[in-house]
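One letter stands for each residue in the lines below.
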Amino acid sequence: EAPHPWRSQRGSRAPKRCSGTPRAHQSASIGAQLSTWMQRFAALAAAVPLAYALRPAATHTKPLTKRHLGTLMDLLGGGGGELIPPEKALPGRKEAMPNIEGSKHFVLGTDQVKVPEGHKVAVFANGCFWGSEKGIWRFPYGIYSTAVGYCAGFTPNPTYNEACSGMTGHTEGVRVVYDPEQISFADILRWFWEAHDPTSGMGQGNDRGTQYRSGFYYFDDDQKRLIEASKEFYEKKLGRPITTEVAAASDYDKYGGIWYFAEQYHQQYLAKPGARPYCSAQPQGVDLAPFAEWCPADLQEKYAPKLPDAFWDKEKPRRGCSVVNSPNEPVVL
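All values reported here derive from a predicted model rather than from experimental measurement. (Residues numbered from 1 in each chain as written. Predicted model: local features only at pLDDT ≥ 70, side-chain atom pairs only at ≥ 80, totals over all residues. Heavy atoms only, no water.)

### With respect to the overall build of the protein
Stated precisely, the cut-off is as follows: Strands here are runs of E lasting at least two residues and helices are runs of H or I lasting at least four, both read from the DSSP assignment and numbered beginning at the N terminus. Three exposure classes are used, based on accessible area relative to the maximum for each residue type with a 1.4 Å probe and protein chains only: buried under 20%, partly exposed in between, and exposed over 50%. Residues are treated as being in contact if the distance between any of their heavy atoms lies within 4.5 Å. Methods summary: accessible areas were calculated by the Shrake-Rupley approach with a probe of 1.4 Å, and residue burial reflects only the protein chains presented.
Broken down by element type, the protein carries eight helices and ten strands. In the protein, buried positions account for 52% of the 333 residues. Across the protein, every contact between residues at least 6 apart in sequence was considered, and the portion connecting residues at least 24 apart equals 81%. Just so you have it, the protein exposes about 15,600 Å², and 55% of that area is on carbon and sulfur atoms.

Spelled out as structure tokens, the structure:
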């Protein structure tokens with residue numbers, strides 16, 4: 001995995017992007033981690049000489065590239081290519097993430113936890129959550145709040161380092177609280193699909209591991225139908241299989257819930273002083289349009305897009321993760 005930026009705020013140095021396993025866990029988790037590392041090391045020790053020997057003779061003199069080294073580190077580091085079984089996940093804790101309850105959105109000024117009456121929630125994951133969140137809070141209207149966190153895992157109240165270890169089963173996600181009278185779920189869906197490469201399996205760009213897998217988690221039957229219909233349509237437009245995880249949020253109730261807020265320093269990170277403009281998302285430059293071609297007929301009136309073509313023409317995700325260098329304030333139409 002490529003190195004991630006350090007973040008400085010008020011003169012202090014914050015943790016790196018997914019830098020490996022946590023410094024300390026409860027003793028019950030240490031054995032499992034050591035076993036995982038030993039298995040990965042054994043697999044690496046066996047695979048590398050064999051792969052090298054099987055290469056054509058003419059290529060034996062070529063040095064390992066940065067990508068090769070990154071692949072080797074993926075084997076040894078946390079967050080590999082297979083989702084950890086629930087019974088092997090870290091035990092977590094009862095205490096919720098501190099400094100979140102009652103906190104205000106850095107850009108919008110709204111409560112980060114509250115869901116006002118008449119509003120709905122969407123939870124998705126499409127790579128590093130810094131850029132994923134920013135794209136949504138910049139919508140010109142209809143967004144009450146956004147937040148980043150850890151979703152679709154098995155460990156209650158995980159920390160960032162724990163999620164990065166691959167030992168909790170979570171993926172970096174975004175929680176959106178929106179007003180369906182002002183913004184359509186279809187608008188959020190369109191941004192989700194277009195803002196990343198949903199065919200990339202357990203990772204996105206330079207970020208590799210189960211904590212970067214693509215996913216969308218529904219709270220009602222309408223959301224489920226819209227997610228699945230748009231997925232089928234977008235897969236045909238891309239011309240290759242989509243690996244995005246689609247599941248009911250309620251599937252994770254037995255693990256404490258679909259969603260856990262990330263640390264406060266991650267919230268609206270890209271808008272804060274000293275932020276590094278990092279984003280590994282891989283927009284494919286393919287539109288989820290036209291709406292009428294993918295939305296089920298009986299849902300088209302209720303979920304008709306509310307963002308005009310003028311918004312998408314100017315602001316839609318583009319190759320190179322364009323959102324990371326966009327202004328922090330919501331778009332004005």
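### Quick look at the environment of E329
Take E329: it is sitting in the segment after α8 (309-315). In the structure, E329 is positioned 192 residues away from W137 in sequence and 8.1 Å away in space, judged by C-alpha atoms.

### Quick notes on the pattern of salt bridges
How we decide: Basic side-chain nitrogens of Lys or Arg form a salt bridge, by our definition, when they fall within 4 Å of a carboxyl oxygen of Asp or Glu.
Applying the stated criterion across every chain yields a total of ten salt bridges. R190 serves as the salt-bridge partner of D287, at 3.9 Å between the closest nitrogen and oxygen. Of this pair, D287 sits in the loop between β10 (259-261) and α7 (291-294) while R190 sits in helix α5 (residues 185-194), and the two are 97 residues apart along the sequence. Accessibility expressed as a relative area gives 12% for R190, which makes it buried. Among the ionic pairs, D287 bridges to K316, the shortest N-O distance being 3.3 Å. In this pair, D287 sits in the loop between β10 and α7 while K316 sits in the segment after α8, placing the two residues 29 residues apart along the sequence. Taken together, the shared-partner salt bridges connect R190, E194, D287 and K316 into one network.

### Here's the deal with empty space enclosed by the protein
Formally: Each cavity reported here is a set of points on a 1 Å grid over the protein atoms alone in which a 1.4 Å probe fits but cannot get out, each pocket an open set with protein on both sides within 12 Å along at least five of seven lines, and each lining residue one with an atom within 4 Å of a point. Grid points are joined across faces, edges and corners, and a volume is the space filled by probe spheres set on the points. For this classification, the nonpolar set comprises Ala, Val, Leu, Ile, Met, Phe, Trp, Tyr, Cys and Pro, the charged set comprises Asp, Glu, Lys and Arg, and every other residue, Gly included, is treated as polar.
Applying the stated criterion to the full structure yields two cavities of 30 Å³ or more. Approximately 90 Å³ is the volume attributed to the largest cavity. If you go around the largest cavity, you meet 14 residues; those closest to its centre are G131, A195, A281, C321 and V323. Here the residues of the lining of the largest cavity sort into eight nonpolar, five polar and one charged.

### Digging into the confidence of the model for the protein
Put simply, the test is: For every residue, the predictor reports its confidence as pLDDT, a number between 0 and 100.
Across the protein, pLDDT averages 83, with 76% of residues at or above 70. Across residues 1-15, where pLDDT falls below 50, the model places 35 contacts with residues more than four positions away in sequence or in other chains.

### As for the pairing of strand β9 (residues 245-248)
What counts, and what does not: Note on pairing: DSSP must find at least two bridges between two strands before they are called paired. By definition, the crossover connecting two strands over a helix is right-handed if that path, from the first strand to the second, turns clockwise as seen with the strands pointing away from the viewer.
Where strand β8 (residues 215-218) lies against β9, four bridges are found, and the strand directions are parallel. Across the sheet, the residue bridging to Y218 is A248, located in β9. With respect to chirality, the unit in which β8 leads through helix α6 (residues 221-238) into the neighbouring parallel β9 is right-handed.

### A few points about the sheet that holds strand β5 (residues 171-178)
Note the cut-off: A fitted line through C-alpha atoms represents every axis, and for helices the fit uses only the stretch in contact; the resulting angles, taken between N-to-C directions, go from 0 to 180 degrees.
Pairing is mixed in the open sheet, where six strands are placed in the order β9-β8-β3-β5-β4-β10. Unpaired on one side and paired on the other, β9 and β10 mark the two borders of the sheet. For this sheet the average axis-to-axis angle between neighbouring strands, irrespective of direction, equals 35°. With three bridges joining them, strand β4 (residues 143-151) and β10 adopt antiparallel strand pairing. Counterpart to Y150 in the pairing with β10 is Y260. In the packing of α6 onto the sheet, contacts are made with β3 (120-125), β5, β8 and β9, and the angle to β8 comes to roughly 150°.

### Let's talk about helix α3 (residues 129-137)
Within α3, nine of the nine residues are buried, which leaves it mostly tucked inside the rest of the structure. Burial in α3 covers these residues: F129, W130, G131, S132, E133, K134, G135, I136 and W137. Next to the buried residues of α3 lie β3, β4, α4 (160-164), β5 and α5.

### Quick notes on the pairing of β5
Where burial is concerned, most of β5 is hidden: eight out of the eight residues are buried. Of the two faces of β5, the one lined by T171, G173, R175 and V177 and the one lined by E172, V174, V176 and Y178 are each fully buried. Bridge analysis of β3 against β5 gives five bridges, and the strand direction is antiparallel. Bridge assignment links A122 to a residue of β5, and that residue is V176. Bridge count between β4 and β5: eight bridges; the pairing is antiparallel. Residue V148 lies in a different strand from β5, and its bridge partner there is V174.

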